[in-house]
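So the chains spell out like this:
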Amino acid sequence: MTSSPLDRLLRPQTIAVFGGREARRVIEQCDRMGFSGKIWPVHPKLDEVLGRLCYRSVADLPSAPDAAFVGVNRTLTVDIVRSLSAAGAGGAVCYASGFSEATAELADGADLQQALLSAAGNMPILGPNCYGLINGLDGALLWPDQHGMKRIECGVAILTQSSNIAINLTMQTRGLPIAYMVTAGNQAQTTLADVACALIEDPRVTAVGLHVEGFGDLSGLERLAAIARRSKKPVVVLKVGRSEQAKQAAVSHTASLAGSDAVADAVLARLGIGRVQSLPALLETLKLLHVAGPLPSRSISSMSCSGGEASLIADAAVGRNIEFPALHPQQLPRLRRVLGEMVTLSNPLDYHTFVWGDFASQTEAFSAMFKGGYALNLVVLDFPRRDRCDASEWAMTADAVITAASATGALAGLLATLPENMPEPVADRLMANGIVAFSGIDETMAAAEVAAGIGQAWQAPPPLPLLDVPSMDGEIETLTEADAKAELAACGLPVPRGLQAFSPHEAVEQAERLGFPVVLKGVGIAHKTEAGAVALNLRDSQAVSTAAAAMPPNAGYLVEKMIDPPVAELIVGAIRDPAFGLSLTLGAGGIFVELLEDSVILPLPTTKTEIHAAILRLKLAKLIYGYRGRPKGDLDAAVAAIAAAADYVVKNVARLEELDINPLMVLPEGRGVAAVDALIRRRR
């Protein structure tokens, strides 16, 4: 196992506890979990705590502790952390609140947090404002409260900023073996990614789940993704904050498409980190990853003894990137033989109740389905209430699933449609036998989709390092459309021929120089179409003069050659995200930007291969491929132009705030593309 500065804190042999009630609870929880190391209470007045000799200060301890729980007030926390660091301790959990999370209430909150960081020096700390950690593998706890975990030999690690959510997750009765539960509070020094990188190196950890409120340093996330891929231990994230943040939509359309949440999706997918949207989905996904790791494909089979359940399963897959392929011809005779003539053989399969209560026939039916080469094989089974019903035949069905999976080597999951219908003892037994004990149809579909997505990402070459986006000060300037197009043209992006004018009369002269038909635009006006500052297909001087006179007040005119009707219109943009920096947005352009909500985000830098694949994910791709006999678009030229725009963003990352090319007109095959409108905002 690779050594980490956090090892002593996460897997301590000696624990020092500071404080009163909370410190006592830490000792109680360690005793309950059977911690075999030494615990040293530290208190200025008490002589003993729970039968253990009490020390007066850090200086009195037998040696520098591997880990310390500091459960005292915020000011004293800084002093104790300083003493622990000077003594060479392995790390500390800082329980107290009143630091940077409380700056609205406490004027010195931020200063005190900085003092805490200075006091810690190179010694790792968790928090402040956190409960700490539970190590269920070694029974080591720095945790001042009840929890629902037990000693296990291997399992998943779960990390969160929220101590209350951590407590709730430990109380799950779904059969998920949790090896570590870690809270990070303010992440003043040690981030969730830092802890995850250390925990994933533990050979007893099978997968990692993160509940995060926001990402700080993206390099830590990249490092975690690389370790996960190398060690073949997947990571799944529940990130809160899907609501749209305030954007400068009045300036560009890119801002309305590239919300932080959409960018987070794209970045996580690129790194091969799964993402879920709820705590139940997080737990179900971790169960699947614990048992099987990433799925090799998106193909799933399902069996149930009810057509209603089969329909629910099929419906739950709609809109998700998973599939229920048709049964293979070689499966049909075996299934027909065991299930009889009245069963419709399909996937999902309603196998009726003809084999119910018959262990041999159920095993044969499940084995026939499991031999189909599906990445995951589901059997839907809700157990009855134990206080009122006899569950023996349900247990027999579970045994048949275990036997069939063992005989075929296939991955199987037993799915209870309602979480309360999967008893914890049953879930524990299934998981111990390599059967995923799923609870909830939607959560199971989410788990399969995420596991398949990670598998697909890991099958591809490792991604390019994410673009390092420095933060910049300075006034933001908005380039004129002509200047913006000149910059983009210099980077290889095709733009229409154009000339500037500063009066209606000069606009007519420039149009005559270019040759008709032309387009006339008012300069310095955002969203020109809505403002009436664009006139298309002007075929003579009088038309140009009339159009110029009708436009709202502006800073001049841009006269351009009229582009032939396109096959499709794209938007290509980039906007600086506070968490993820600059990424590229592709979508349906022109008037369809917000109407179709058809867009894809590409983290930068990117490649032509990734750009090509991103275009194919758009609904608009059908037009480029020649929808219903219409001409095909110049896809190669579109890919090259988008790659040029991406290169522009990468080269100008230090100053660029926003790029908006809308539309990028995709002309018929062999005739190229043209960026007919462009906006660039950057720092001076």
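Not measured: the values here are computed from a predicted model. (Residues numbered from 1 in each chain as written. Predicted model: local features only at pLDDT ≥ 70, side-chain atom pairs only at ≥ 80, totals over all residues. Heavy atoms only, no water.)

**Details of the overall build of the chain**
When helices and strands are tallied, the chain shows 24 helices and 30 strands. Principal-axis analysis of the C-alpha atoms places the extent of the chain at approximately 100 × 75 × 40 Å. Taking all 684 residues of the chain together, 56% fall into the buried category. For the chain, the computed accessible surface area is about 28200 Å², with 52% contributed by carbon and sulfur atoms. Each charge sign in the chain was given a centre, from 59 positive and 72 negative side chains, and these centres are 3 Å apart. (Helix = DSSP H or I, 4+ residues; strand = E, 2+ residues; numbered from the N terminus. Buried < 20%, exposed > 50% of the residue type's maximum accessible area, 1.4 Å probe, protein only. Areas by Shrake-Rupley, 256 points an atom, 1.4 Å probe, with all protein chains shown as cover. Lys, Arg positive; Asp, Glu negative; His and termini not counted. Charge placed at Lys NZ, Arg CZ, Asp CG, Glu CD.)

**Structural notes on empty space enclosed by the protein**
One water molecule sets the probe size; rolling that probe over the atoms shows where empty space is left. For the structure on display, the rule yields three cavities of 30 Å³ or more. Around the largest cavity sit Leu 218, Val 267, Leu 466, Leu 467, Phe 580, Leu 582, Ser 583, Pro 603 and Leu 604, which together line it. Looking at the lining of the largest cavity residue by residue, the classes come out as eight nonpolar, one polar and no charged. (1 Å grid on protein atoms, 1.4 Å probe; cavity = no way out; pocket = protein on both sides within 12 Å on 5 of 7 lines; lining within 4 Å. Points joined across faces, edges and corners; volume = space filled by probe spheres on them. Nonpolar A, V, L, I, M, F, W, Y, C, P; charged D, E, K, R; others polar.)

**Quick notes on the pattern of salt bridges**
If you walk through the whole model with that rule in mind, you get 37 salt bridges. Close ionic contact of Asp 66 with Arg 8 constitutes a salt bridge, the shortest N to O distance being 3.0 Å. Of this pair, Asp 66 sits in the loop between strand S4 (52-53) and strand S5 (67-71) while Arg 8 sits in helix H1 (residues 7-10), and the two are 58 residues apart along the sequence. In this structure Arg 8 comes out as partly exposed when scored by relative accessible area, which is 33%. Where Arg 337 meets Glu 364, a salt bridge forms, and the shortest distance between an N and an O atom there is 3.9 Å. (Salt bridge = Lys/Arg side-chain N within 4 Å of Asp/Glu carboxyl O.)

**A look at helix H6 (residues 192-199)**
Residues lying three or four places apart along an α-helix face the same way, a consequence of the helix completing one turn every 3.6 residues. With seven of eight residues buried, H6 lies mostly within the body of the structure. Looking only at H6, the buried set comprises Leu 192, Ala 193, Val 195, Ala 196, Cys 197, Ala 198 and Leu 199. Check the buried side of H6 and you find it contacts H1, strand S7 (125-126), strand S10 (155-160), strand S11 (178-183), strand S12 (205-212) and helix H7 (218-231). (Contact = heavy atoms within 4.5 Å.)

**Details of the pairing of strand S27 (residues 599-603)**
The buried count for S27 comes to four of five residues, which makes it a mostly enclosed element. Taken together, the five bridges between strand S26 (residues 581-588) and S27 define a ladder with antiparallel strand orientation. When the bridges of S27 are listed, Leu 584 appears paired with Leu 602. (Pairing = 2+ DSSP bridges.)

**Description of the sheet that holds strand S2 (residues 38-42)**
An order of S2-S1-S5-S6-S7 is seen for the five strands of this open sheet, with the pairing classed as parallel. The strands lining the two open edges of the sheet, one partner per strand, are S2 and S7. Inspection of the sheet shows strand S1 (residues 14-19) paired to S2 by five bridges, in the parallel sense. The partner of Phe 18 across the bridge, within S2, is Val 42. Sitting on the sheet, helix H2 (residues 21-32) is in contact with S1, S2 and S5, with an inclination near 150 degrees to S1. Helix H3 (residues 74-87) contacts S1, S5, strand S6 (92-94) and S7 of the sheet and is inclined by roughly 165 degrees relative to S5. (Axes fitted to C-alpha atoms, helices over the stretch in contact; angles between N-to-C directions.)

**A word on the packing of aromatic side chains**
The full count for this structure, using the stated rule, is six aromatic pairs. Ring centres 5.9 Å apart and planes at 80 degrees place the aromatic pair Tyr 351 and Phe 366 in the edge-to-face group. One end of the pair, Tyr 351, is in the loop between strand S16 (349-350) and helix H13 (359-370); the other, Phe 366, is in helix H13, and 15 residues separate them in sequence. According to the relative accessible area criterion, Tyr 351 is buried, its value standing at 0%. Among the residues examined, Phe 366 registers a relative accessible area of 1% and is labelled buried. With a centroid separation of 6.4 Å and 15 degrees between ring planes, the pair formed by Phe 366 and Phe 370 is classed as stacked. With Phe 366 and Phe 370 both in helix H13 and four residues apart, the pair spans about one turn of that helix. Judged by its relative accessible area of 3%, Phe 370 is buried. (Phe/Tyr/Trp six-rings, centres within 6.5 Å; stacked < 30°, edge-to-face > 60°.)

Keep in mind that these numbers describe shape and distance, not what the molecule does.
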